[in-house]
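Each chain is listed here by its residues.
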Amino acid sequence: MSEIFKGNFTQQEPIPEDAIEAAMSVLKSGRLHRYNVAEGELSQAALLEQEFAAAMGAKFALAVSSGGYAIATALRAVGVQPGDRVLTNAFTLAPVPGAIASLGAEPVFVEVTEALTIDLEDLAAKISQDADIKVLLLSHMRGHICDMDRLMQICDAAGVIVVEDCAHTMGARWDGTLSGRHGAMAAYSTQTYKHLNSGEGGVLISDDPDLMARAIMLSGSYMLYERHLAGPPADAFEKVKYVTPNISGRMDNLRAAILRPQLAQLDGQCAAWNARYAEVERGLENTPGLTVITRPDAEAYVMSSFQFLLLDWSDADVNKVLARCGARGVELKWFGGAEPTGFTSRYDSWRYADTPDMPKTNRILRGVLDLRLPLTFSVEDCAQIARIIRDEVSMVYQAAE
Ligand SMILES: *Cc1c(COP(=O)(O)O)cnc(C)c1O
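Residues numbered from 1 in each chain as written. Predicted model: local features only at pLDDT ≥ 70, side-chain atom pairs only at ≥ 80, totals over all residues. Heavy atoms only, no water.

What follows is about the sheet that holds strand S11 (residues 299-300). Strand order in the open sheet formed by 3 strands is S7-S6-S11, and the pairing between neighbours is antiparallel. Of all the strands in the sheet, just strand S7 (177-178) and S11 have a single pairing partner and so form its edges. Looking at chain direction, strand S6 (residues 173-174) and S11 are connected through 2 bridges and run antiparallel. Bridging across to S11, Trp 174 finds its partner in Glu 299. (Pairing = 2+ DSSP bridges. Helix = DSSP H or I, 4+ residues; strand = E, 2+ residues; numbered from the N terminus.)

Structure below.
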């Protein structure tokens, strides 16, 4: 009898009790809008921004309505104009190229490596081929961090501004520096499947007062920017307040109230995710035909999902693995499927961008499989998941030989 996994890959933990209490008190107050405060009151949104900036070691933070909105706002703040070409990862999630397209700008995709990170050689080549490129929107897709020192060298040398998409790296580090602290601005998501859960939401950080003043104006601050506890001083707004359009995307106090207690628990949650990741990694090591992603020593990751590669397998055999694991309760996502199912993460699904074929990326995407590791799974659950994947991959691999 082969074992069957019974867990649910899309079931997150409940919202903690103290967060529910904080939410109830916002609801009872009726003051859900971030600028609606009682005499002497500090809003939940402003307090969240202050705490988030402190947690990430940034000078400024802005809470907004989604991760995708945070990214688009960062691109606007750094000055991306309609028609501009913006570099980004060929392997990321749809809101990333979508944010570029929302400004009328054009994504230029950079290849992905076997480590699932942006290909720095291709990045350097694309920058040197196109002197008009001024911005890289770097996505730390699925929590994999590239050599950030090298990346910043390449971009700084060419005067390319880096905006970081940290949807999967909240609390992660490269060589001791928190993810999101290398670029000019960094965007986080607090959507249900990320590291903090407010249903929808996002946060933007920066140390640059001018960029943050613009971002706060863009988010729709109704000239109430002095109520921000993690914003730049009032003089930073003087230059921008009449010339920056309001593109409303504020976070409300209800979401902020839910997030603050979760943020206080972030380190513990990250350790719990990594324990689950390590268990799956241990269980899959040395499986014939299967490549576990090697993580560099400089990378301190936070992994709420797991990726492995079936490199150079036929589509038919990858499909067999998907079906066999699926029959045993292990839901794998395959980025290489001919038709995207329920999500898009590959450059050729975003056909509004005119992109030549990317052979290196195609090879990786054809072989990359992904599973979520929500904290409702125990470490033992993760060991069982790894056993099932190992069995089924070995079975299909041996039959193919
Ligand atoms: C989730 C996600 C985002 C932002 O998503 P929203 O749903 O807009 O909050 C951005 N980048 C990546 C890689 C993501 O996975």
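On to the packing of helix H1 (residues 17-29) against helix H9 (residues 253-264). Taken N-terminus to C-terminus, the directions of H1 and H9 make an angle of 155 degrees; their axes are 8 Å apart at the nearest point. Between H1 and H9, the interaxial angle falls into the category roughly antiparallel. Between H1 and H9 lies a crossing whose hand is right-handed. Across the interface between the two elements, Asp 18, Ala 19, Ala 22, Ala 23, Val 26 and Leu 27 of H1 pack against Asn 253, Leu 254, Ala 257, Ile 258 and Pro 261 of H9. Partitioned by chemical class, the residues of the contact of H1 with H9 number 9 nonpolar, 1 polar and 1 charged. (Axes fitted to C-alpha atoms, helices over the stretch in contact; angles between N-to-C directions. Parallel < 35°, antiparallel > 145°, perpendicular 65-115°, else oblique. Left-handed = near helix turned anticlockwise from the far one by under 90°. Contact = heavy atoms within 4.5 Å. Nonpolar A, V, L, I, M, F, W, Y, C, P; charged D, E, K, R; others polar.)

With 5 of 5 residues buried, strand S9 (residues 202-206) is to be regarded as a mostly interior element. Of the two faces of S9, the one carrying Gly 202, Leu 204 and Ser 206 and the one carrying Val 203 and Ile 205 are both buried. Pairing of strand S1 (residues 60-64) with S9, which is carried by 5 bridges, proceeds in the antiparallel orientation. By the bridge assignment for S9, Leu 62 is matched with Leu 204. Pairing of strand S8 (residues 185-189) with S9, which is carried by 5 bridges, proceeds in the antiparallel orientation. When the bridges of S9 are listed, Tyr 188 appears paired with Val 203. (Buried < 20%, exposed > 50% of the residue type's maximum accessible area, 1.4 Å probe, protein only.)

In terms of burial, S8 is a largely internal element, 5 of the 5 residues being buried. On S8, burial covers both faces: Met 185, Ala 187 and Ser 189 on one face and Ala 186 and Tyr 188 on the other are all buried. Relative to S8, strand S5 (residues 161-165) runs parallel, the two being bridged by 3 bridges. Paired with Val 163 across the strands is Met 185, a residue of S8.

The subject of this paragraph is the domain arrangement of the protein. How big an interface is tends to be stated in terms of accessible area lost as the parts join. Here the domain parsing of the protein yields domain 1 (17-264) and domain 2 (266-400). Here the C-alpha centroids of domain 1 and domain 2 sit 27 Å apart. Each partner contributes residues to the interface: domain 1 has 40 residues there, and domain 2 has 37 residues. Overall, the association of domain 1 and domain 2 removes approximately 3,000 Å² of surface from exposure, summing both partners, and the carbon and sulfur fraction of that is 61%. When the buried surface of domain 1 facing domain 2 is broken down by residue, Glu 114, Arg 142 and His 195 rank first, second and third, together holding 21% of it. The tally of links from domain 1 across to domain 2 stands at 3 salt bridges. (Domains from an automatic or database assignment. Buried area = accessible area lost by both parts, 1.4 Å probe. Salt bridge = Lys/Arg side-chain N within 4 Å of Asp/Glu carboxyl O.)

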